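Report on the structure
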Amino acid sequence: MALTALQRAEAAEHAMSQELDRIVVKSVLFTSGERDPRQPMPRPADDGRPYMMGPDPRLARMPDRPTLFDFFKYRFGPANHMLQSARLAVKNGVGEKVVLACLLHDIAIAGFIRSDHGYWAAQLLEPYVDEEVSWAIRYHQALRFFPDESVGYGYPELYVKLFGPNYQTEPYIQDAYRYARAHKWYMTARLLTVNDLYSFDPNTKVELEEFTDIVGRNFKQPKEGLGFDGSPSAHMWRTMIAPTKYL
Ligand SMILES: [Fe+2]
Ligand SMILES: [Fe+2]
(Lines give C-alpha, C1' and ligand atoms only; values in the text may rest on other atoms or scores of the structure.)
(Ligands and ions follow the chains in the order given, each with its own letter.)
Protein backbone atom coordinates (compact mmCIF):
# COMPACT_ATOMS: atom_id res chain seq x y z
CA MET A 1 0.00 0.00 0.00
CA ALA A 2 1.34 3.40 -0.95
CA LEU A 3 2.16 5.65 1.96
CA THR A 4 0.69 9.11 2.16
CA ALA A 5 3.05 12.06 2.42
CA LEU A 6 2.19 12.38 6.09
CA GLN A 7 2.93 8.69 6.73
CA ARG A 8 6.24 8.97 4.88
CA ALA A 9 7.18 12.04 6.89
CA GLU A 10 6.23 10.26 10.09
CA ALA A 11 8.27 7.18 9.15
CA ALA A 12 11.32 9.32 8.39
CA GLU A 13 10.82 11.20 11.61
CA HIS A 14 10.45 7.95 13.53
CA ALA A 15 13.73 6.66 12.06
CA MET A 16 15.40 9.92 13.00
CA SER A 17 14.08 9.96 16.55
CA GLN A 18 15.23 6.34 16.94
CA GLU A 19 18.75 7.58 16.42
CA LEU A 20 18.44 10.09 19.23
CA ASP A 21 19.37 9.00 22.68
CA ARG A 22 16.18 10.62 23.98
CA ILE A 23 12.50 9.94 23.37
CA VAL A 24 10.72 12.95 21.91
CA VAL A 25 7.01 13.51 22.51
CA LYS A 26 5.55 16.37 20.51
CA SER A 27 3.41 19.12 21.95
CA VAL A 28 -0.25 18.78 20.98
CA LEU A 29 -0.06 22.16 19.27
CA PHE A 30 2.57 20.86 16.82
CA THR A 31 0.22 18.23 15.43
CA SER A 32 -3.27 19.60 16.09
CA GLY A 33 -5.18 19.52 12.81
CA GLU A 34 -3.09 16.73 11.39
CA ARG A 35 -4.35 14.81 14.38
CA ASP A 36 -7.55 15.17 16.35
CA PRO A 37 -6.53 16.64 19.72
CA ARG A 38 -9.44 14.84 21.41
CA GLN A 39 -7.61 11.59 20.79
CA PRO A 40 -4.63 10.60 22.89
CA MET A 41 -1.31 11.58 21.35
CA PRO A 42 0.42 8.58 19.82
CA ARG A 43 3.61 8.12 21.80
CA PRO A 44 6.86 6.56 20.76
CA ALA A 45 7.48 3.23 22.46
CA ASP A 46 9.06 3.59 25.87
CA ASP A 47 12.25 1.68 25.17
CA GLY A 48 14.23 2.65 28.19
CA ARG A 49 15.76 5.80 26.74
CA PRO A 50 15.22 8.93 28.82
CA TYR A 51 12.81 11.55 27.56
CA MET A 52 14.04 14.75 25.94
CA MET A 53 14.56 17.20 28.75
CA GLY A 54 17.05 19.62 27.28
CA PRO A 55 18.32 21.00 24.00
CA ASP A 56 17.28 18.98 20.98
CA PRO A 57 20.39 17.78 19.12
CA ARG A 58 18.51 18.14 15.82
CA LEU A 59 18.48 21.91 16.38
CA ALA A 60 21.37 24.35 16.32
CA ARG A 61 22.69 24.73 19.83
CA MET A 62 22.10 28.18 21.23
CA PRO A 63 24.56 30.10 23.39
CA ASP A 64 23.92 29.94 27.15
CA ARG A 65 22.99 33.62 27.22
CA PRO A 66 21.27 34.14 23.91
CA THR A 67 20.81 37.57 22.43
CA LEU A 68 18.06 38.73 20.12
CA PHE A 69 20.44 38.28 17.17
CA ASP A 70 21.17 34.70 18.28
CA PHE A 71 17.46 33.96 17.91
CA PHE A 72 17.55 35.47 14.42
CA LYS A 73 20.55 33.29 13.57
CA TYR A 74 19.48 30.00 15.12
CA ARG A 75 15.69 30.02 15.35
CA PHE A 76 14.13 32.56 12.96
CA GLY A 77 14.58 30.96 9.51
CA PRO A 78 15.88 33.35 6.89
CA ALA A 79 14.30 36.50 8.25
CA ASN A 80 14.58 38.30 4.94
CA HIS A 81 11.04 39.64 5.05
CA MET A 82 11.55 41.46 8.36
CA LEU A 83 15.04 42.64 7.41
CA GLN A 84 13.82 44.08 4.12
CA SER A 85 10.87 45.76 5.81
CA ALA A 86 13.23 47.36 8.31
CA ARG A 87 15.54 48.55 5.53
CA LEU A 88 12.57 50.05 3.70
CA ALA A 89 11.52 51.81 6.90
CA VAL A 90 15.00 53.33 7.22
CA LYS A 91 14.85 54.42 3.58
CA ASN A 92 11.45 56.02 4.19
CA GLY A 93 12.93 58.05 7.01
CA VAL A 94 10.63 56.92 9.79
CA GLY A 95 11.80 56.94 13.42
CA GLU A 96 13.77 54.20 15.14
CA LYS A 97 10.70 52.83 16.90
CA VAL A 98 9.06 52.03 13.59
CA VAL A 99 12.28 50.57 12.20
CA LEU A 100 12.60 48.29 15.23
CA ALA A 101 8.92 47.34 14.96
CA CYS A 102 9.48 46.42 11.30
CA LEU A 103 12.55 44.36 12.16
CA LEU A 104 10.65 42.37 14.78
CA HIS A 105 7.02 42.39 13.68
CA ASP A 106 6.80 38.80 12.38
CA ILE A 107 9.11 36.97 14.80
CA ALA A 108 6.20 34.79 15.91
CA ILE A 109 5.77 33.52 12.35
CA ALA A 110 9.52 33.17 11.95
CA GLY A 111 10.11 31.15 15.09
CA PHE A 112 7.14 30.58 17.38
CA ILE A 113 3.44 30.38 16.52
CA ARG A 114 1.84 31.67 13.33
CA SER A 115 -1.79 31.95 14.45
CA ASP A 116 -2.43 35.42 15.95
CA HIS A 117 1.21 36.23 15.28
CA GLY A 118 0.95 39.93 16.14
CA TYR A 119 -0.22 39.18 19.65
CA TRP A 120 2.42 36.51 20.28
CA ALA A 121 5.22 38.72 18.99
CA ALA A 122 4.06 41.64 21.12
CA GLN A 123 4.00 39.46 24.20
CA LEU A 124 7.45 38.04 23.51
CA LEU A 125 8.85 41.53 23.13
CA GLU A 126 6.99 43.55 25.76
CA PRO A 127 9.61 43.30 28.51
CA TYR A 128 12.38 44.44 26.16
CA VAL A 129 11.06 47.25 23.98
CA ASP A 130 9.25 50.54 24.35
CA GLU A 131 5.53 49.97 24.89
CA GLU A 132 4.79 51.80 21.66
CA VAL A 133 6.86 49.28 19.67
CA SER A 134 5.12 46.18 21.05
CA TRP A 135 1.77 47.93 20.73
CA ALA A 136 2.41 48.60 17.03
CA ILE A 137 3.44 44.98 16.51
CA ARG A 138 0.31 43.67 18.25
CA TYR A 139 -2.01 45.80 16.11
CA HIS A 140 -0.25 45.47 12.77
CA GLN A 141 -1.97 42.09 12.46
CA ALA A 142 -5.41 43.73 12.35
CA LEU A 143 -4.39 46.94 10.56
CA ARG A 144 -2.97 44.99 7.61
CA PHE A 145 -6.56 44.16 6.62
CA PHE A 146 -7.75 47.78 6.57
CA PRO A 147 -6.73 50.42 4.02
CA ASP A 148 -5.68 53.92 4.95
CA GLU A 149 -5.57 56.15 1.90
CA SER A 150 -4.01 59.01 3.88
CA VAL A 151 -0.70 57.13 3.83
CA GLY A 152 -1.28 55.22 0.59
CA TYR A 153 -1.91 51.89 2.23
CA GLY A 154 -4.33 49.66 0.33
CA TYR A 155 -5.68 46.19 1.05
CA PRO A 156 -2.81 43.83 0.14
CA GLU A 157 -3.03 42.07 -3.21
CA LEU A 158 -1.29 39.20 -1.52
CA TYR A 159 -4.18 38.77 0.91
CA VAL A 160 -6.60 38.48 -2.01
CA LYS A 161 -4.42 35.68 -3.31
CA LEU A 162 -3.87 34.04 0.07
CA PHE A 163 -7.35 34.27 1.55
CA GLY A 164 -9.59 34.68 -1.51
CA PRO A 165 -11.46 37.78 -2.75
CA ASN A 166 -14.35 37.39 -0.31
CA TYR A 167 -12.39 36.96 2.88
CA GLN A 168 -14.02 38.71 5.83
CA THR A 169 -12.03 39.56 8.93
CA GLU A 170 -13.30 38.09 12.17
CA PRO A 171 -15.12 40.33 14.66
CA TYR A 172 -12.18 40.42 17.10
CA ILE A 173 -9.94 41.72 14.31
CA GLN A 174 -12.52 44.40 13.43
CA ASP A 175 -12.72 45.38 17.10
CA ALA A 176 -8.92 45.52 17.31
CA TYR A 177 -8.86 47.73 14.20
CA ARG A 178 -11.42 50.15 15.60
CA TYR A 179 -9.57 50.32 18.88
CA ALA A 180 -6.20 50.88 17.21
CA ARG A 181 -7.61 53.45 14.76
CA ALA A 182 -8.61 55.70 17.66
CA HIS A 183 -5.40 55.21 19.64
CA LYS A 184 -2.62 57.79 20.00
CA TRP A 185 -0.11 55.27 18.61
CA TYR A 186 -2.17 54.42 15.56
CA MET A 187 0.32 55.96 13.15
CA THR A 188 3.21 53.91 14.56
CA ALA A 189 1.37 50.67 13.82
CA ARG A 190 0.14 52.08 10.52
CA LEU A 191 3.68 52.97 9.42
CA LEU A 192 4.68 49.42 10.23
CA THR A 193 2.04 48.15 7.80
CA VAL A 194 3.18 50.65 5.17
CA ASN A 195 6.72 49.24 5.36
CA ASP A 196 5.57 45.63 5.78
CA LEU A 197 6.71 44.51 2.36
CA TYR A 198 4.60 41.77 0.94
CA SER A 199 6.39 41.44 -2.34
CA PHE A 200 10.05 41.35 -1.65
CA ASP A 201 13.07 40.54 -3.69
CA PRO A 202 14.49 37.14 -2.76
CA ASN A 203 17.84 38.19 -4.21
CA THR A 204 18.34 41.20 -1.99
CA LYS A 205 20.13 40.04 1.11
CA VAL A 206 19.97 42.35 4.10
CA GLU A 207 22.37 41.62 6.93
CA LEU A 208 21.26 41.71 10.52
CA GLU A 209 24.32 43.81 11.38
CA GLU A 210 22.77 46.71 9.48
CA PHE A 211 20.53 47.14 12.55
CA THR A 212 23.06 46.59 15.33
CA ASP A 213 22.92 50.21 16.48
CA ILE A 214 19.14 50.56 16.36
CA VAL A 215 18.73 47.32 18.31
CA GLY A 216 21.46 48.36 20.74
CA ARG A 217 19.66 51.62 21.48
CA ASN A 218 16.11 50.26 21.57
CA PHE A 219 16.14 46.63 22.70
CA LYS A 220 16.89 45.92 26.37
CA GLN A 221 18.99 42.81 25.96
CA PRO A 222 19.02 41.03 29.36
CA LYS A 223 22.50 40.16 30.60
CA GLU A 224 21.34 36.65 31.63
CA GLY A 225 20.22 36.02 28.05
CA LEU A 226 16.71 35.91 26.59
CA GLY A 227 14.86 33.10 28.35
CA PHE A 228 16.83 33.28 31.60
CA ASP A 229 16.06 36.73 32.97
CA GLY A 230 12.80 35.91 34.74
CA SER A 231 10.76 38.31 32.60
CA PRO A 232 7.03 37.64 32.00
CA SER A 233 7.87 36.20 28.56
CA ALA A 234 11.13 34.38 29.43
CA HIS A 235 9.39 31.00 29.23
CA MET A 236 8.32 31.74 25.65
CA TRP A 237 11.93 32.37 24.61
CA ARG A 238 12.99 29.19 26.43
CA THR A 239 10.34 27.28 24.50
CA MET A 240 11.95 28.44 21.26
CA ILE A 241 15.34 27.35 22.55
CA ALA A 242 14.09 23.87 23.49
CA PRO A 243 10.70 23.29 21.83
CA THR A 244 10.75 19.51 22.29
CA LYS A 245 11.38 19.42 26.04
CA TYR A 246 9.11 16.86 27.70
CA LEU A 247 8.11 19.26 30.49
FE1 LIG B 1 2.62 40.27 10.15
FE1 LIG C 1 5.20 41.13 7.72
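Refer to the structure printed above.
These notes cover the structure that comes with them. (Residues numbered from 1 in each chain as written. Chains lettered and ligands numbered in written order. Predicted model: local features only at pLDDT ≥ 70, side-chain atom pairs only at ≥ 80, totals over all residues. Heavy atoms only, no water.)

Let's talk about the coordination of the iron ion (ligand 1)
Bound to the iron ion (ligand 1) on the protein side are Asp106 (OD), His117 (NE2) and His140 (NE2), at distances that span 2.2 Å. Considered as a linear motif, the donors of the iron ion (ligand 1) on their single chain read D-x10-H-x22-H. Between the iron ion (ligand 1) and the iron ion (ligand 2) the interatomic distance comes to 3.6 Å, and Asp106 is a ligand of both metals. Separated by 11 residues along the polypeptide, Asp106 in the loop between helix H5 (96-104) and helix H6 (107-111) and His117 in helix H7 (residues 117-125) bring together distant segments of the chain. (Donors = N, O, S within 2.8 Å, 3.2 Å for Na, K, Ca; no water. Helix = DSSP H or I, 4+ residues; strand = E, 2+ residues; numbered from the N terminus.)

Overview of the side chain of Thr188
As for its placement among the helices and strands, Thr188 is situated in helix H11 (residues 186-195). By relative accessible area, which is 10% here, Thr188 ends up buried. Among residues more than four places away in sequence, those in contact with Thr188 are Val98, Glu132 and Ala136. (Buried < 20%, exposed > 50% of the residue type's maximum accessible area, 1.4 Å probe, protein only. Contact = heavy atoms within 4.5 Å.)

Quick look at helix H10 (residues 171-181)
Regarding H10, the residues found buried are Ile173, Ala176, Tyr177 and Ala180. Buried residues of H10, seen end-on, are gathered within an arc of 100° and therefore sit on one face of the element. Turning to H10, the residues buried within the fold contact H7, helix H8 (131-143) and H11. (Arc of directions from axis to C-beta.)

Observations regarding the side chain of Arg138
Mapping Arg138 onto the fold places it in helix H8. What makes Arg138 buried here is its relative accessible area of 18%. Here Glu126 takes part through its side chain, which lies 2.9 Å from a polar atom of the side chain of Arg138. (Polar contact = N/O pair within 3.5 Å; in protein donor to acceptor, adjacent residues only side chain to side chain.)

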